[in-house]
Amino acid sequence: MPPSHSTDPPETIPIRAGEDFDHQRLADYLRGKLPASDRSLEVLQFAGGHANLTYLLRYGDTEYVLRRPPLGPVAPSSHDMAREYRVLSVLYTGYPYAPRAFLYADDPALIGAPFFVMERRRGIVVRRTIPPEFGGGEDPISNRRISEVMIDTLADLHNVDSRAVGLADLGKPDGFMRRQIDGWTGRYERAKTKDVSIVADLTRWLHERLPQSPSPTLLHNDWRLDNMMLDAKDPGRCEAVFDWDMCTLGDPFADLGTLLSAWIEASEAPGQGTVGMPSNVPGFLTRRDAVARYGQRRGVDVSDVPYYYVFGIFKIAVVLQQIYYRYHVGQTQDERFASFEQGAELLFWRAKERSEHLTV
């Protein structure tokens, strides 16, 4: 096995400054509501993620995961812990990769924000590099399996019967994409820290070229490799999918576009305004092959997917700008976010370039 050159953070860390809360108050509230919660509580913070804050709750050998929104003001439709709890309290019955949620609390006096507690899953989250357990990026077979499981697990979500799992009324699929374009444009306007003229051109193009949506499905709405957990011994097996706070009913190609926006190929330079994903290693599917695999697994026409690729890049650019805004105004001191304004602008220009060629 090759040596690791990973720069990924450790799984858990001591709680970052400004992101802690009263552990005893939480322990008192949870006592009797969860198995083993009568024991002493230890709290650590998960290092990954850029928005919602996630903590490990440890009662001896029994562990849970707590999720809460990021610090500072948040948009009403995002970082919705009540929505995520609702989804995860039932979705596991029809989609085994969804961790089960056990408890939701909306009293901000407990930890400073609404939160929910869910089951702890174990495995490996692949972030900016392929970990040594999966060959460190040098094993083409392992790399290909990682890329395939991303597509297959997404297609399987889109095949879930929303009515059977009790989520048929989760969203309003009619007009979903038009509302998405307007919503993400509005989020950008509220979070921008300088004028980027290309944004107006992109939003106009997205409205004018909007295709007819396929039949609606459940959407994750933030589908990325680092929102998945893989089996520690099998990179082709998914253990869990995380970050369901934007789950809804709508156009399934929106999820595919989000994933493709982070998919950098071997012939492309990494770091050019893109969200990091180690997709440029030997054996990893190309974007085109990934789209074809999705279409085959679901039996659907994927000819309009290049439009959603442009939208996905636009959406991720806005996300980066939102995160940078929180850093810019001092709502978080996390230095990882200092370069996100530049990253967002580069992504807007990438979306413009892709809109002129309409390929994946």
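Residues numbered from 1 in each chain as written. Predicted model: local features only at pLDDT ≥ 70, side-chain atom pairs only at ≥ 80, totals over all residues. Heavy atoms only, no water.

Asks: Residues and numbers for the nonpolar core, please.
Replies: Across soluble globular proteins, you tend to see nonpolar side chains buried next to one another. Formed by 90 residues in total, the largest nonpolar core has its most connected members in Leu91, Tyr95, Leu218, Trp244, Trp263 and Phe348. The biggest single contributor to this core is helix α9 (residues 305–328), with 14 residues. Setting aside residues no more than four positions away along its own chain, phenylalanine 348 makes contact with Tyr188, Val196, Ile198, Val199, Leu202, Phe314, Ala317 and Val318. Counting 21 residues, the second largest nonpolar core, distinct from the first, contains Ile15, Leu30, Leu34 and Leu53. (Core = buried A, V, L, I, M, F, W, Y, C linked by side-chain atoms within 4.5 Å. Buried < 20%, exposed > 50% of the residue type's maximum accessible area, 1.4 Å probe, protein only. Helix = DSSP H or I, 4+ residues; strand = E, 2+ residues; numbered from the N terminus. Contact = heavy atoms within 4.5 Å.)

Asks: Could you give an account of the packing of helix α7 (residues 253–260) against helix α8 (residues 287–298), with specific residues and numbers?
Replies: Two numbers describe how α7 lies on α8: the axes approach to 11 Å, and their chain directions differ by 155 degrees. Between α7 and α8, the angle falls in the class roughly antiparallel. Judged by the twist between their axes, the crossing of α7 over α8 is right-handed. On α8, the residues touching Phe253, Leu256 and Leu260 of α7 are Arg287, Val291 and Tyr294. When grouped by side-chain class, the residues that make up the contact of α7 with α8 number 5 nonpolar, no polar and 1 charged. (Axes fitted to C-alpha atoms, helices over the stretch in contact; angles between N-to-C directions. Parallel < 35°, antiparallel > 145°, perpendicular 65-115°, else oblique. Left-handed = near helix turned anticlockwise from the far one by under 90°. Nonpolar A, V, L, I, M, F, W, Y, C, P; charged D, E, K, R; others polar.)

Asks: Talk me through the pattern of salt bridges; I want residue IDs and the actual numbers.
Replies: One pass over the structure, following the stated rule, counts 35 salt bridges. Its salt-bridge partner being arginine 16, residue glutamate 19 comes within 3.0 Å of it at the nearest N-O pair. Here glutamate 19 matches arginine 16 in class, with each residue buried. The salt bridge partner of aspartate 334 is arginine 16, with a shortest N-O separation of 3.9 Å. Residue aspartate 334 is located in the loop between α9 and α10 (340–357), and its partner arginine 16 is located in the loop between β1 (12–13) and α1 (23–30); the two are separated by 318 residues in the primary sequence. A relative accessible area of 12% places aspartate 334 in the buried class. What you see here is one network of salt bridges that share partners, running through Glu11, Glu42, Arg58, Glu63, Arg120 and Arg122. (Salt bridge = Lys/Arg side-chain N within 4 Å of Asp/Glu carboxyl O.)

Asks: Talk me through the side chain of aspartate 251; I want residue IDs and the actual numbers.
Replies: On the secondary structure map, aspartate 251 appears in the loop between β10 (248–250) and α7. Salt bridges are absent for the buried aspartate 251, whose nearest opposite-charge side chain, arginine 298, sits at 7.8 Å. A polar contact of 2.5 Å, which involves the side chain of aspartate 251, links it to the side chain of serine 213. Within the local environment of aspartate 251, its side chain forms a polar contact with the side chain of tyrosine 308, the two groups lying 2.5 Å apart. Each residue touching aspartate 251, except ones within four places of it in the same chain, is listed here: Phe176, Met177, Ser213, Pro214, Leu219 and Tyr308. (Lys, Arg positive; Asp, Glu negative; His and termini not counted. Polar contact = N/O pair within 3.5 Å; in protein donor to acceptor, adjacent residues only side chain to side chain.)

Asks: A description of α10 should follow, citing residues and the corresponding values.
Replies: A rise of 1.5 Å per residue sets the reference length of α10, with its 18 residues, at 26 Å; its end C-alpha atoms lie 26 Å apart and thus fit the reference within 8%. For α10, the full list of buried residues reads Phe340, Glu341, Gly343, Ala344, Leu347, Phe348, Arg350, Ala351, Arg354 and Ser355. Elements that come into contact with the buried residues of α10 comprise α5 (176–191), α6 (198–208), α8 and α9. Leucine 358 lies just past α10 and shows a positive phi near 50 degrees. (Expected span 1.5 Å × (residues − 1).)

Asks: An account of the pairing of strand β4 (residues 62–68) is needed here, citing residue identities and associated values.
Replies: With 6 of 7 residues buried, β4 lies mostly within the body of the structure. In terms of strand pairing, strand β3 (residues 53–59) meets β4 through 7 bridges, oriented antiparallel. Within β4, the residue paired with threonine 54 across the bridge is arginine 67. Count of turn residues in the β3/β4 antiparallel hairpin: 2 residues, of which glycine 60 carries a positive phi of about 65 degrees. With 4 bridges connecting them, β4 and strand β6 (residues 115–119) associate as antiparallel partners. Paired with tyrosine 64 across the two strands is glutamate 119, which belongs to β6. (Pairing = 2+ DSSP bridges.)

Asks: A description of the sheet that holds β1 should follow, citing residues and the corresponding values.
Replies: Taken together, 6 strands build an open sheet; the order of strands is β1-β2-β3-β4-β6-β5 and the sheet is antiparallel. Where the open sheet ends on each side, the last strands, each with one partner, are β1 and β5 (101–105). Judged from the 2 bridges that link them, β1 and strand β2 (residues 42–46) form a sheet pairing that is antiparallel. From the neighbouring strand, isoleucine 13 faces β2, where its bridge partner is glutamine 45. α1 rests against β2, β3, β4, β5 and β6 of the sheet, and its axis sits at about 115 degrees to β5.

Asks: Could you give me a rundown of α6, with the residues and numbers involved?
Replies: Where α6 is concerned, the buried positions are Ile198, Val199, Leu202, Thr203, Trp205 and Leu206. Looking straight down α6, one finds that the buried residues subtend no more than 160 degrees of arc, so they occupy a single side. Contacts made by the buried residues of α6 are with α5, α9 and α10. (Arc of directions from axis to C-beta.)

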